[in-house]
Number of protein chains: 2
Amino acid sequence: MSVGKNVQRQDAVAKVTGRARYTEDLPMSGMKHAVYVRSTIAHGIVKSINFDKAKGVKGVRAVFTYEDVPDIFHATAGHPYAYNREQKDVEDRLLLTKHVRFEGDEIAVIVADSEMIARKAARLVEVEYEELEPLITPENILREDAPKIHDTGNIVGAHSFEVGGSLDDATDSSDYIAEGDYKTAMVQHCHLENHVAYAYMEDNDTITVVSSTQIPHIARRIISEALEFPLGRVKVVKPYIGGGFGSKQDTVLEPMVAFLTTKLGGKPVQMNLTREECLSCSRTRHPFYGHVRAGADKDGRLTFLDVDAVSLTGAYASHGHAIISAGSAKSCAMYPRSVIKVNAKTVYSNMPVAGAMRAYGTPQIVFMVENAVEELAANAGIDPLEFRLKNVGVPGDINPLKKSPMLSHGLKECLEKGRELFDWDRKRKEYKAYKKGSVRKGIGVACFSYASGTYPGNVEIAGARAVLNQDGSVHIQVGATEIGQGSDTAFAQMAAESSGIDVGMIKVISTQDTDFSPFDTGAYASRQTYVTGQAVHKAALEFRGKILNYAEDLTGVIESRLMIDGDRIVYTTRPDVTVVTMKELAIHSYYHKDLGGQISAEVSYKTRTNALSFGCTFVDIDIDIELCKVKINDIINIHDSGRIINPLLAEGQVHGGMAMSIGAALSEELLIDEKSGRVYNNSLLDYKIPTMMDIPDMRCGFVETEEPTAGYGNKSLGEPPIISPAPALRNAILDATGVAVSSLPMSPKSLYVEFTKAGLI
Amino acid sequence: MSVGKNVQRQDAVAKVTGRARYTEDLPMSGMKHAVYVRSTIAHGIVKSINFDKAKGVKGVRAVFTYEDVPDIFHATAGHPYAYNREQKDVEDRLLLTKHVRFEGDEIAVIVADSEMIARKAARLVEVEYEELEPLITPENILREDAPKIHDTGNIVGAHSFEVGGSLDDATDSSDYIAEGDYKTAMVQHCHLENHVAYAYMEDNDTITVVSSTQIPHIARRIISEALEFPLGRVKVVKPYIGGGFGSKQDTVLEPMVAFLTTKLGGKPVQMNLTREECLSCSRTRHPFYGHVRAGADKDGRLTFLDVDAVSLTGAYASHGHAIISAGSAKSCAMYPRSVIKVNAKTVYSNMPVAGAMRAYGTPQIVFMVENAVEELAANAGIDPLEFRLKNVGVPGDINPLKKSPMLSHGLKECLEKGRELFDWDRKRKEYKAYKKGSVRKGIGVACFSYASGTYPGNVEIAGARAVLNQDGSVHIQVGATEIGQGSDTAFAQMAAESSGIDVGMIKVISTQDTDFSPFDTGAYASRQTYVTGQAVHKAALEFRGKILNYAEDLTGVIESRLMIDGDRIVYTTRPDVTVVTMKELAIHSYYHKDLGGQISAEVSYKTRTNALSFGCTFVDIDIDIELCKVKINDIINIHDSGRIINPLLAEGQVHGGMAMSIGAALSEELLIDEKSGRVYNNSLLDYKIPTMMDIPDMRCGFVETEEPTAGYGNKSLGEPPIISPAPALRNAILDATGVAVSSLPMSPKSLYVEFTKAGLI
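Bear in mind the structure is a predicted one, so any value in this text is a computation, not a measurement.

A word on the pairing of strand β24 (residues 600-606) of chain A. Residue and element names in this part refer to chain A. Within β24, 5 of the 7 residues are buried, leaving the element largely enclosed by the surrounding structure. Both strand β17 (residues 461-468) and β24 contribute to a ladder of 7 bridges, which runs antiparallel. Bridge assignment links Arg 465 to a residue of β24, and that residue is Glu 602.

Structure representation (structure tokens):
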């Protein structure tokens, strides 16, 4: 049994020894380097570009502008192809643009012998603009006379739904109503490894792109679409990758490097974004502006949630309306017995482009909803934890959107487990004494629901292939991508669990090459252990069957009496008796003259379920009123992610998510000047991502429900930990100070404003 | 229908544009370079090595000697693992040696920042030897008091067989007997791309080796054996490769670079042999010394062939006795109705190491046999062509060794076709007038038999995987290696033929990576179109079946009514009606929400047949007696290689083989000093490989028998063209001059000796 064990990461040694090779560690002879010439204004039309000085820099090899790129509007979001063409992503992007839509937009590209030369030349390019009004706030963006950011207008998408009954009836039957306006910030992924990609041709009609991407198989298709180049002739390779968090679920560089190599006779061309470019010119999290109403009856039953929200996607659609759409859908399972109404809109703005980011719109929606629920509980005079316990879903509740029963639903147990671990009741009582003075104490709770993958929004194929090596060890190939989250190790454990083979004998190939790797849409939507896990499950069972079948051929012992135990095949009834070792069987299958052949099993699987996962955060803070500074004394995330594959890796995921949420809650924000659209802080000096010193010790716990649709009872865990810490912190601040903060981040700067307004300072 | 067409090579553009990347074109950051310190004597024991000066060269990083390498005797030959351990290759090699056995033997290795530095340092190493007698000739090698080249003695292997009756009886019933002593030369492959390999570790327990190899999957096992490193943790990558001809069916560098990276903390280390090292320190063709007797009765029936031969494998066994063993077995099918006795021995010598080379011992045996047969026909007063026509095999003849009927046997037809194309009878008559004077005319013929693969000597697994891309195009993955021979193109044609898919939509992945590529033993023994072709055949049929089955799911048209025609699926009865395009089907299979998944088919197949191929050479020469120079007026190879997959590529193979045989016949020889064992001419200035100017226009023809055991009626063609030109040339010289030359090469230098002896000069 391997699932449930703290198996060491497959890539641990490669990474800690520095031997793992990332995209930038793979040089090519004759490599050229390209950098973008970026817009210095947030909105306008380029009138002229002067390359005279730039071309004078020694080592500059070529220059391309919006006049040189194909006139093909394409989408960059890392989504599967939309078989239903109404679902397709907005095709609003050209490789380079004359109409610049944010500070940093891509006007031209300079190719040189080194990145340093290209950057030097780029700085010497002189661009004249016809300036247009930058649109930053929803009011301005939606103004009737606002300039159009795109020809199609400023609205990317909109949708609404009302489920669980009539909102009007629910409003009528409510004894308490709370409402508020909320706003979340534009934050950035800050993956360790910046965006980097290179491309070359080995032929006239084959492009290879090597990229730090979460989605090699999807990137292949997007490159093909953006260049109208035959898809079968594009190859995408994903080496080791240093994080993505959704930013690399987008083709930020791949189509451009592919285009450049076609222009340069197949020469290798690399693009490497700086940290500054990553911060403001790759992708960000969509800021949401929302108004939420929530109602409860006198019994403390949550009668309705009414969410009205606008999502700002920035200059280009990228994942666009899918973000708020998924975020609102995935969070519906928290309180499934209430009427839920959502009215959502996504709009362009003259800000950096927003795309996918860990938990994909859900943190924004949950922040708003859990704020309103908190106020509502207070209005109803009920302990906020009690209020949630009464209203959260339970197994068998109907999924409001899918109308099907939720087979596992551990949210209530999570809250109960957290209550105990956190000692909620004691703190609730004791901290009443600390609501005055300079340093106050407060506790907060918030919960969330999420999903495992995107079905039925998208089709998710996962592929897994198991191969028996000549020495009896096993290689597993997947198209799913290890991006730091530990999925390869989880897959190895799964394969071991289903086959009986010792996990130490199983190696999951950690890099993907679309010429070889089974098709899989990649790492996003917390889908891999759930969706790819099912393919691994099926492939491992098929593989085990083939091995036992072959063992019968080899030994004469009937297959049904055999099982694999580590590195041996044994009798099911006498596991101490070795019928044949894996090594003997392997060498026989390869080299016996009459029997055998290489033993392998491959499964390409489409998931048609999407299990919901749940969880909550409890947080205990001190708040220094004068310094407007929050100190976290204790913070616990409790997760129902079904069965936990690897507790140590799971804990790592949870800690990582919590830290990102703490950052988003207390310090992180890409600051945009509302007048000029200028980005103030696209550097890690000024963009306040928390350091190790800013992050408290964190705790986590799991409620291991058994999800029946998953290969191993498991559900999503990659993204969920980022959802509930921020609203829990906000609710703790409310508890400590009585001040209901309504926007993120709750940095000292913004708390100063709030506390001043509330008369605390 | 694609088989039989002149489809353009899949790698044509990549290669002619220079975009194809070979091993040396793949740099790695931090790459170190290693070179061998080689023995300057042919036989002896190293007494001391002084690295003082070498280590003083700036940039030298490490030095390893025979004292540092593992004490693991291993075999380097690129053979499949011998499941029957008696068949295993001789394990006589250590990574570095104290007992040096040829001039160039590997004593130490120097690692430096660049190859130039390493070579400079290697030249400064001072080695003291205790010299031993170098053994070069069979007489010396087999002398009782000869020093032992290896502890096991100087004999590597020996075998004999007598088939088709009793040799004594056949001798008694013979009216004519011819006999002679023959010798073939040590020649070298001279592949365009020298031996090159590098290795690195991405982990503590994973070695990756990138190498110009014909046998990545076998190399993986040998590296594992040589280092006692887990096989599953070795990965071998084969990029584009510039020829091999058998020299790269051996692990010349792979175990050493793998060893070095383990010693250097996983750093990448490259070894790159110079042309000089390739010529005398990689592998050569085994020179054979033989005595052949042949008998005929008065009706011109060949009664027996009695071959006694010694093969010199040089300092190490490498492929060793397998060469003469295979060579004698494969040539038995020419004259299958005669008694055939073979007595063969392989011995060590203090000469460069011999290994596999195109046609693997058969050119040597056939040279001897076809010389003796020529003399025999002359003795019997029969036209040598008539004599052969009477005695060569016909379909249904029993394979003398395997005792099974030969299902296709086109040798007689080849001779007849050649007779006509060459105009044998007219020339035979007319050239009688040109047997005197300074310039004489002669014609010669010789034939051969060969095999397709090595079964039952070895087990040959071939793997093929077909994958439907999102755009309806197809990728084929094979473990078989394109090494310049055109196999990828043949596989694409085969897959097109069996599936109905347009060949332009099929791409065969040209590089192998043992982590991904299906297992296949690689390029050798002319096995790929025959053995791997069967795997491709089966995989393509299975793939076609899956596509049509899916087409039924998609369209409702029953599968049995459908077929694939190019890029469309059509009714079998109405090929003009498109039921669904491949592209539509592909996108549906990937992205339909309920049906589908990635469509692929994989086959791992073991061949249990080994079809015989045949052919002959006709050659017309002028010979200048005073200059001792042969001018080829016309040379034709006729081949029965079954059905021809791609006539243009087949012609290329034949021309290449003929040119190599002409070189071996007329000019090529690695010259070894018989006393010192010194190699005289290990450079392309002195080693006389023919240039374009030396090679005449060549013709070829095919007799397309239908081989029933092959996927496409095809048989081996890669190696066969090299077999019969040399003996045909020798027979033409005999015809022109009456001088029976008995050894190769028939260079002006050696003809001068022969002609003087014969009184012509």
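A few words now on the state of the cysteines. Counting across every chain of the model gives 0 disulfides over all chains. Between Cys 281 of chain A, a cysteine without a disulfide, and Cys 278 of chain A, which holds the nearest cysteine sulfur, the sulfur-to-sulfur distance is 9.0 Å.

A word on the pattern of salt bridges. Taken as a whole, this structure holds 91 salt bridges over all chains when the rule is applied. A salt bridge links Asp 306 of chain B to Arg 293 of chain B; the nearest nitrogen and oxygen atoms lie 3.0 Å apart. Here Asp 306 of chain B is found in strand β14 (residues 302-314), whereas its partner Arg 293 of chain B is found in strand β13 (residues 288-296), with 13 residues between them in sequence. As a salt-bridge pair, Arg 730 of chain B and Glu 375 of chain B come within 2.8 Å of each other at their nearest N and O atoms. Of this pair, Arg 730 of chain B sits in helix α18 (residues 725-737) while Glu 375 of chain B is found in helix α10 (residues 362-380), placing the two residues 355 residues apart along the sequence. Of the two residues, Arg 730 of chain B and Glu 375 of chain B, both sit in the buried class. Residues joined in a network through salt bridges with shared partners are Arg 38, Arg 93, Glu 106, Glu 115, Arg 119 and Glu 277 of chain A.

Moving on, we get to the side chain of Ser 589 of chain A. Residue placement: Ser 589 of chain A occurs in helix α16 (residues 582-591). Ignoring anything within four residues of it in the chain, the contact list for Ser 589 of chain A reads Leu 468, Tyr 550, Leu 595, Gly 596, Gly 597 and Ile 599 of chain A together with Ile 461 and Lys 606 of chain B.

Here we come to the packing of aromatic side chains. Going through the model one piece at a time under the given rule, you end up with 21 aromatic pairs over all chains. Ring centres of Phe 422 of chain B and Trp 424 of chain B lie 6.2 Å apart, and the angle between their planes is 40°; on these two criteria the pair is classed as tilted. Both residues of the pair, Phe 422 of chain B and Trp 424 of chain B, belong to the buried class. Taking the centre distance of 5.9 Å and the plane angle of 35° together, the rings of Tyr 590 of chain B and Tyr 591 of chain B count as tilted. Each residue in the set Tyr 81 and Phe 519 of chain A together with Tyr 590 and Tyr 591 of chain B is aromatic and connected to the rest through ring pairs, giving one cluster. Over the ring of Tyr 316 of chain A we find Arg 93 of chain A, and its NZ or CZ is 4.1 Å from the ring centre. A cation over an aromatic ring shows up here: Lys 441 of chain B above the ring of Tyr 434 of chain B, its NZ or CZ 5.9 Å from the ring centre.

This part is about the interface of chain A and chain B. Contact residues are listed per partner, giving 71 residues for chain A and 72 residues for chain B. Both sides together, the interface formed by chain A and chain B hides about 6400 Å², and carbon and sulfur atoms give 48% of it. Between Asp 594 of chain B and Arg 608 of chain A there is a salt bridge; the shortest N-O distance is 4.0 Å. Summed over the shared surface of chain A and chain B, the result is 39 residue pairs in polar contact (both at pLDDT 80 or more). At the level of secondary structure, the elements contributing two or more residues to the side of chain A that touches chain B comprise α1 (12-16), β9 (196-201), α6 (216-227), β17, β18 (474-478), α16 and β24 of chain A. It is α16 of chain A that provides the largest number of residues to the side of chain A that touches chain B, a total of 5 residues.

A few words now on the environment of Glu 128 of chain B. Residues and elements named next belong to chain B. Following the sequence through the fold, Glu 128 ends up in strand β6 (residues 126-131). Considered as a pair, Glu 128 and Ile 45 are 83 residues apart in the sequence and their alpha carbons are 8.6 Å apart. Those residues in contact with Glu 128 that sit more than four places away from it in its chain are Ile 45, Val 46, Lys 47 and Ser 48.

All names here are of chain B. A sheet is described by the order of its strands in space; here 4 strands give the open sequence β16-β25-β26-β27, paired in mixed fashion. Each edge of the open sheet is held by one strand with a lone partner, namely β16 (439-451) and β27 (699-702). Each strand axis lies, on average, 15° off the axis of its neighbour in the sheet, ignoring direction. By the bridge criterion, 13 bridges tie β16 to strand β25 (residues 612-624) in an arrangement that is antiparallel. Bridge pairing links Gly 444 to Val 619 in β25.

Next up on the list: the sheet that holds strand β18 (residues 474-478) of chain B. Residue and element names in this part refer to chain B. With respect to topology, 4 strands assemble into an open sheet ordered β19-β18-β17-β24, the strand pairing being mixed. The open sheet has two edge strands, β19 (506-508) and β24 (600-606), and neither has a second partner. Going across the sheet, the axis of each strand differs from the next one's by a mean of 15°, ignoring polarity. Relative to β19, β18 runs parallel, the two sharing 3 bridges. Bridge pairing links Val 474 to Ile 506 in β19.

On to the relation of the copies chain A and chain B, then. Superposing chain A onto chain B requires a rotation of 180° together with a translation of 0.0 Å along the rotation axis, leaving an RMSD of 0.0 Å. As the rotation angle and translation indicate, the two copies are arranged about a two-fold axis. When you check the interface residues of chain A against chain B, 100% turn up at the interface there too, and the contact is symmetric in its surfaces.

The end-to-end C-alpha distance of α6 of chain A is 16 Å, a good match for the 16 Å that 12 residues give at a rise of 1.5 Å each. Summarising burial for α6 of chain A: 11 of the 12 residues are buried, a large majority. Every buried residue belonging to α6 of chain A is among Pro 216, His 217, Ile 218, Ala 219, Arg 220, Arg 221, Ile 222, Ile 223, Ser 224, Ala 226 and Leu 227 of chain A, and all of these are buried. Among the structural elements, β10 (207-211), β11 (234-238), α7 (254-263) and β20 (512-513) of chain A together with β18 and α16 (582-591) of chain B are those in contact with the buried residues of α6 of chain A. Downstream of α6 of chain A by a residue or two, Glu 228 of chain A has a phi angle that is positive, lying close to 50°.

Another aspect to go through is the pairing of strand β11 (residues 234-238) of chain B. Along any regular strand the residues' side chains alternate between the sheet's two faces. Residues and elements named next belong to chain B. Burial of β11 is extensive: 5 of the 5 residues sit out of reach of the surface. Burial of β11 is two-sided: the residues Val 234, Val 236 and Lys 238 facing one way and the residues Lys 235 and Val 237 facing the other way are all buried. In this structure, strand β10 (residues 207-211) lies alongside β11, joined through 4 bridges in parallel fashion. Paired with Val 210 across the strands is Val 237, a residue of β11. Taken together, β10, helix α6 (residues 216-227) and β11 constitute a β-α-β crossover, and its handedness is right-handed. As paired strands, β11 and strand β20 (residues 512-513) are joined by 2 bridges and run antiparallel to one another.

Moving on: the nonpolar core. With 85 residues, the main nonpolar core has Tyr 335, Val 369, Phe 387, Leu 415 and Phe 618 of chain B as its most contacted residues. The greatest single-element share of this core, amounting to 9 residues, is contributed by α10 of chain B. If you look at the next biggest cluster of nonpolar residues, it comprises 83 residues, including Cys 332, Met 334, Phe 387 and Phe 618 of chain A.

Reading guide: rules and limits
Residues numbered from 1 in each chain as written. Chains lettered and ligands numbered in written order. Predicted model: local features only at pLDDT ≥ 70, side-chain atom pairs only at ≥ 80, totals over all residues. Heavy atoms only, no water. Buried < 20%, exposed > 50% of the residue type's maximum accessible area, 1.4 Å probe, protein only. Helix = DSSP H or I, 4+ residues; strand = E, 2+ residues; numbered from the N terminus. Pairing = 2+ DSSP bridges. Disulfide = S-S within 2.5 Å. Salt bridge = Lys/Arg side-chain N within 4 Å of Asp/Glu carboxyl O. Contact = heavy atoms within 4.5 Å. Phe/Tyr/Trp six-rings, centres within 6.5 Å; stacked < 30°, edge-to-face > 60°. Lys NZ or Arg CZ within 6 Å of the ring centre and 35° of its normal. Buried area = accessible area lost by both parts, 1.4 Å probe. Polar contact = N/O pair within 3.5 Å; in protein donor to acceptor, adjacent residues only side chain to side chain. Axes fitted to C-alpha atoms, helices over the stretch in contact; angles between N-to-C directions. Least-squares fit on C-alpha atoms with pLDDT ≥ 70 in both. Expected span 1.5 Å × (residues − 1). Right-handed = clockwise from strand over helix to strand, strands pointing away. Core = buried A, V, L, I, M, F, W, Y, C linked by side-chain atoms within 4.5 Å.

Geometric values such as these leave the question of function open.
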